[in-house]
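Structural overview
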Amino acid sequence: MQTLLIRNARCIATMDHADPLQASELRDASILVRGNRIEAIGPDGELPQQADTVMDARNHLVTPGLINTHHHMFQSLTRAIPAVQNAELFGWLRGLYPIWAGLTPEMVRISTQVAMAELLMSGCTTSSDHLYIYPNGVRLDDSIEAAREMGMRFVACRGSMSVGQSKGGLPPDSLVEDEAFILKDSQRLIEQYHVAAFGAMLQIALAPCSPFSVSRDLMRESATLARHYKVRLHTHLAENDHDIAYTREKFNCTPSQYAQQLGWLGDDVWHAHCVKLDDEGISQFAATRTGVAHCPCSNMRLASGIAPIRKMLNAGVPVGLGVDGCASNDAAHMVNEARQAVLLARVGRSLEPFGCDKGPSDMSARDALALATRGGAQVLGRSDIGHLAVGMCADMALFDLDTLGFAGGAVHDPVGALVLCSSAQAAHTIVNGQILVRSGRLLNVDLQTLVARHNMLALDLAHNR
């Protein structure tokens with residue numbers, strides 16, 4: 001097997017403990033990779049000095065590969081659309097549904113590659129993606145094909161919408177699918193693509209879109225199907241006030257009660273956003289180990305609010321980070337997402353009533369890095385990624401600490417500087433033992449050609465609706 005030596009890093013943030021303050025941070029240390037797993041990690045002098053490939057990491061911070069738990073990659077085609085720049089969730093969706101109706105298989109493939117390129121260059125090695133719209137012959141297979149070309153570890157979520165406007169839902173009737181077909185296609189995808197083994201590069205999850213776009217029957221039957229095949233479940237929940245109002249009006253319950261009634265609580269489920277999750281819901285999520293994908297940038301962009309992440313973490317809810325859709329962020333930079341998680345939590349803390357005991361900050365830099373690594377692995381049900389230790393998958397990101405954005409920060413605290421200073425691109429990104437980004441350059445795709453084609457398709461999509 002080929003060997004890779006990441007030699008003499010200034011700091012290796014292993015994230016090898018559930019409490020980020022107790023995780024090992026190794027100075028002047030090295031990592032030896034054999035094949036696709038970590039074989040050794042420790043002081044440089046105690047590891048071999050040679051390997052098939054040697055990377056000089058003397059000025060670098062090494063972290064576990066970052067893990068993105070919620071995304072809509074096709075939306076990179078509709079970033080910064082003027083008509084919805086100032087809209088909240090429901091208005092934003094109503095403005096974009098007619099545009100997305102023009103999606104083609106090529107658009108999905110190219111937009112997925114662009115989104116993955118952006119993620120890889122920010123140090124992200126694993127991403128989920130929630131594709132819930134399938135016009136013009138689009139299939140989830142289009143995203144899967146793109147992920148294989150990019151080399152990224154991928155959780156492909158078979159999203160769906162089945163309740164259109166004529167039945168009280170939000171999406172146009174033309175964009176919803178027949179529920180029998182959704183379930184049949186979900187089964188096909190699991191049987192064709194899902195890999196459960198250690199180190200899996202591709203997994204399938206079932207992901208009916210939201211309470212305002214699918215039926216309760218589809219939610220129940222999707223849960224039954226997923227549990228039969230032992231795959232995970234994902235959806236949007238409690239994203240903003242309109243979302244809460246819809247659930248109360250249509251189903252006479254809170255979002256967490258909705259999830260409980262339909263079998264959507266458990267350690268095989270994760271929900272995106274949960275900005276408006278109440279105390280009862282937090283308790284239910286904690287008791288059942290139901291996960292949450294926290295998407296701070298999107299929540300700010302769509303004016304949804306501030307998710308009670310510290311309260312969730314204190315209660316024992318598994319939480320990871322998600323960049324969410326490229327048209328509601330409008331970026332896919334995982335380091336920036338971690339930074340915003342810190343800043344938004346502190347803004348939220350400042351809004352507590354005057355005179356309350358605020359105590360320590362709601363979110364530290366190391367807390368945020370834990371969400372972006374170990375927390376994401378937990379939310380996705382993975383024990384083989386998310387921290388650096390012998391036997392783990394060789395997924396890593398290296399950041400050059402001698403660059404301008406780290407000046408005056410990394411000399412004090414490399415880990416804190418990664419999250420608090422200007423959000424850095426990764427110098428090197430390694431997935432499954434393979435170097436995909438080296439010296440800030442994506443190795444397996446011609447980025448200039450990809451972006452040019454993506455921009456042409458983005459214009460076609462917007463102008464031909």
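Quick note: structure is the one above.
Report on the accompanying structure. Everything numeric here is computed off the predicted structure, so don't read it as measured data. Chains are numbered independently. Their residues run from 1 in the order of the written sequence. Given that this is a predicted model, residues contribute local features only at a pLDDT of at least 70 and side-chain atom pairs are listed and counted only at 80 or more, while totals for whole chains, interfaces and linings are drawn from all residues. Side-chain numbers here rest on the full set of heavy atoms in the structure, without hydrogens or water.

Moving on: the overall build of the protein. Counting secondary structure elements, the protein contains 14 helices and 17 strands. Atoms counted for the radius of gyration: C-alpha only. Globule rule: 2.2 Å times the number of residues to the power 0.38. Its C-alpha atoms give the protein a radius of gyration of 21 Å, within 12% of the compact-globule value 23 Å for 465 residues. Its C-alpha atoms put the protein at 70 × 55 × 45 Å along the principal axes. Relative accessibility under 20% of the residue-type maximum defines a buried residue, over 50% an exposed one, and the middle range a partly exposed one, all with a 1.4 Å probe and only protein chains included. Put simply, the protein has 465 residues, and 60% of those count as buried. In what follows, residue pairs with any heavy atoms lying within 4.5 Å of each other are defined as contacts. Long-range contacts, defined as pairs at least 24 residues apart, comprise 75% of the intrachain contacts of the protein with a sequence gap of at least 6. Accessible areas in this description were obtained via Shrake-Rupley with a 1.4 Å probe; residue shielding takes into account the shown protein chains only. Of the roughly 17400 Å² of accessible surface on the protein, 50% is carried by carbon and sulfur atoms. The positive charge centre, built from 39 side chains, and the negative charge centre, built from 48, are 0 Å apart in the protein. Helix numbering and strand numbering both begin at the N terminus, where a helix is a DSSP run of H or I of at least 4 residues and a strand a DSSP run of E of at least 2. Working convention for charge: Lys and Arg count positive, Asp and Glu count negative, and His plus the chain ends are omitted. Where a charge lies is defined by one atom per residue type, namely NZ (Lys), CZ (Arg), CG (Asp) and CD (Glu).

On to empty space enclosed by the protein. Residues are said to line a cavity or pocket when one of their atoms sits within 4 Å of a point; the points come from a 1 Å grid over protein atoms alone, cavities being sets where a 1.4 Å probe fits but cannot get out and pockets being open sets with protein on both sides within 12 Å along at least five of seven lines. Grid points are joined across faces, edges and corners, and a volume is the space filled by probe spheres set on the points. As enumerated under the stated definition, the model contains one cavity of 30 Å³ or more in all. Computed from the structure, the largest cavity encloses a volume of approximately 120 Å³. Per-element accounting of the lining of the largest cavity gives the leading share, three residues, to helix H1 (residues 89-100).

Another aspect to go through is the environment of Leu 21. Mapped onto the elements, Leu 21 comes out in the loop between strand E1 (3-13) and strand E2 (25-34). Residues Leu 21 and Ile 306 lie 285 residues apart in sequence; the distance between their C-alpha atoms is 24 Å.

Throughout this description, the term salt bridge denotes a Lys or Arg side-chain nitrogen within 4 Å of a carboxyl oxygen of Asp or Glu. For the structure on display, the rule yields 23 salt bridges. As a salt-bridge pair, Arg 188 and Asp 141 come within 2.8 Å of each other at their nearest N and O atoms. Pair noted here: Arg 188 is in helix H4 (residues 179-193) and Asp 141 is in helix H3 (residues 140-150), with a separation of 47 residues, a long-range link. By relative accessible area, which is 24% here, Arg 188 ends up partly exposed. For Glu 177, the salt bridge identified is with Arg 158, shortest N-O distance 2.8 Å. Note that Glu 177 is positioned in the loop between strand E8 (153-160) and H4 and Arg 158 in strand E8, a separation of 19 residues in sequence. On the basis of relative accessible area, Arg 158 is assigned to the buried category, the value being 2%.

On to the layout of surface pockets, then. Roughly 450 Å³ of internal volume is contained in the largest pocket. Lining the largest pocket we find 24 residues, and of these Ala 18, Ala 370, Arg 374, Gly 375 and Gln 378 sit closest to its centre. Looking at the lining of the largest pocket, the elements with two or more residues in it are helix H10 (309-315) and helix H12 (365-379). Looking at which element gives the most residues to the lining of the largest pocket, the answer is H12, with seven residues.

Turning to H3, a few remarks are in order. Burial runs high along H3: eight of the eleven residues are buried. Considered for burial, the residues of H3 that qualify are Leu 140, Asp 141, Asp 142, Ser 143, Ile 144, Ala 146, Ala 147 and Met 150. Looking one or two places after H3, you find Gly 151, whose phi comes out positive at around 85°.

For the rest of this paragraph, the subject is the sheet that holds strand E12 (residues 291-294). Adjacent strands of a sheet pair through backbone hydrogen bonds, lying either parallel or antiparallel. We call two strands paired when DSSP finds no fewer than two bridges between them. Read from one edge of the open sheet, eight strands run E6-E7-E8-E9-E10-E11-E12-E13, paired in parallel fashion. A single partner strand is all that each edge strand has here, and the edge strands are strand E6 (66-68) and strand E13 (319-321). Taking the axes of each pair of neighbouring strands and ignoring which way they run, one obtains an average angle of 25° across the sheet. Under this scheme, a helix contributes an axis fitted over its contacting stretch, all axes are lines through C-alpha atoms, and angles between N-to-C directions fall in the 0 to 180 degree range.

Glancing now at the nonpolar core. Grouped together as the largest cluster of nonpolar side chains are 127 residues, with contacts concentrated most on Trp 92, Leu 93, Trp 100, Leu 103, Ile 144, Met 312 and Phe 406. When residues in this core are grouped by element, the largest group, ten residues, is from helix H2 (residues 105-121). Every residue in contact with Leu 103, bar those within four places of it in the chain, is listed here: Phe 74, Leu 77, Ile 133, Pro 135, Asn 136, Val 138 and Leu 461. We define the nonpolar core as a collection of buried residues of types Ala, Val, Leu, Ile, Met, Phe, Trp, Tyr and Cys that are connected through side-chain atoms lying within 4.5 Å of one another. Judged by nonpolar contacts, the second largest core, of 18 residues, contains Ile 31, Ile 38, Leu 388 and Ile 435.

Moving on to the side chain of Ser 128. With respect to the secondary-structure elements, Ser 128 resides in strand E7 (residues 124-131). Residues adjacent in sequence count toward polar contacts only when both atoms are side-chain atoms; beyond that, a polar contact is any pair of N or O atoms within 3.5 Å, and within protein one must be able to donate a hydrogen and the other to accept it. Among the polar contacts made by the side chain of Ser 128, one reaches the main-chain amide nitrogen of His 70 at a distance of 3.3 Å. The residues touching Ser 128, leaving out its near neighbours within four places in the chain, are Asn 68, Thr 69, His 70, His 71, Met 73, Phe 154, Val 155, Cys 157, Trp 270 and Leu 380.

This part covers unusual backbone geometry. It is generally the case that most residues other than glycine have a negative phi and that most peptide bonds are trans. In this model, Asn 329 is joined to Asp 330 through a cis peptide bond whose omega is 0°. Checked against the element boundaries, Asp 330 lands in the loop between E13 and helix H11 (334-350). Positive phi, normally seen in glycine, also occurs at Arg 289, with a value near 60°. The topology assignment puts Arg 289 in the loop between helix H8 (279-288) and E12. On the basis of relative accessibility, which here comes to 35%, the residue Arg 289 falls in the partly exposed class. Its identity is not glycine, yet Ser 439 carries a phi of approximately 50°, on the positive side. Here Ser 439 is to be found in the loop between strand E16 (434-438) and strand E17 (441-442). Since its relative accessible area comes to 62%, Ser 439 is described here as exposed.

This part is about the pairing of strand E9 (residues 202-208). Where burial is concerned, most of E9 is hidden: seven out of the seven residues are buried. Burial along E9 is two-sided: Leu 202, Ile 204, Leu 206 and Pro 208 and Gln 203, Ala 205 and Ala 207, pointing in opposite directions, are all buried. Here E8 pairs with E9 via seven bridges, running parallel. The residue bridging Phe 154 from the neighbouring strand is Leu 202, located in E9. When the strands point away from the viewer and the path from the first strand over the helix to the second turns clockwise, the crossover is right-handed. Regarding topology, H4 serves as the crossover connection from E8 to the parallel E9, and that connection is right-handed. In terms of strand pairing, E9 meets strand E10 (residues 232-237) through two bridges, oriented parallel. Looking at E10, one finds that Leu 206 is bridged to Leu 233. Handedness of the crossover joining E9 and E10 through helix H5 (residues 216-229) is recorded here as right-handed.

Take it as geometry only, folks, not as evidence of what the structure does.
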